[in-house]
Amino acid sequence: MTRSDLVEELAARFSQLTHRDAEFAVKAILDAINDALVRGHRIEIRGFGSFSINRRPPRMGRNPRSGESVAIPEKRVPHFKPGKALREAVDQRTAELQAKTKI
């Protein structure tokens, strides 16, 4: 699902929202998540999951072409951990779809 698919789904589910309003709502939510992660905060959405920042320490890598060692600096990367309800829903729906295709 892409961002535009999400906007379409939101506009379809809530008929009182115009396409522009749905687009603004999706943008506002994603911007809020982005800003919180940039500040180093953890975001938890009950029943869905949590977003946090993981630190990757600096390390020595290797250039695959030349074989020379390259210093790779420290990085902070976003991490998503799905909630229990999401994991169970995905597992159940996947099992149902597999059962339908086997019949």
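Fair warning: this is a prediction, and the values are worked out from it, not measured in the lab.

Draft legend 1. Main features of the packing of aromatic side chains. On inspection of all chains with the given rule, the structure shows two aromatic pairs. Plain terms: the ring middles of F48 and F80 are 5.4 Å apart, the flat faces sit at 50° to each other, and that makes the pair tilted. Taken as a pair, F48 in the loop between β1 (43-45) and β2 (49-56) and F80 in strand β5 (residues 75-82) lie far apart in primary sequence, 32 residues in all. A relative accessible area of 37% places F48 in the partly exposed class. On the basis of relative accessible area, F80 is assigned to the partly exposed category, the value being 30%. When the ring of F51 is compared with that of F80, the centres are 4.9 Å apart and the planes differ by 45°; the resulting orientation is tilted. Of this pair, F51 sits in strand β2 while F80 sits in strand β5, and the two are 29 residues apart along the sequence. Taken together, the aromatic side chains of F48, F51 and F80 make up a single cluster linked through ring pairs.

Draft legend 2. The arrangement of the nonpolar core in detail. Formed by I33, A36, L37, I43 and F51, the largest nonpolar core amounts to five residues. Sorting elements by how many residues they give to this core places helix α2 (residues 19-38) first, with three residues. For F51, the contacting residues outside a window of four places in its chain are I33, L37, R42, I43, I45, H79 and F80.

How each quantity is defined
- Residues numbered from 1 in each chain as written.
- Predicted model: local features only at pLDDT ≥ 70, side-chain atom pairs only at ≥ 80, totals over all residues.
- Heavy atoms only, no water.
- Phe/Tyr/Trp six-rings, centres within 6.5 Å; stacked < 30°, edge-to-face > 60°.
- Helix = DSSP H or I, 4+ residues; strand = E, 2+ residues; numbered from the N terminus.
- Buried < 20%, exposed > 50% of the residue type's maximum accessible area, 1.4 Å probe, protein only.
- Core = buried A, V, L, I, M, F, W, Y, C linked by side-chain atoms within 4.5 Å.
- Contact = heavy atoms within 4.5 Å.

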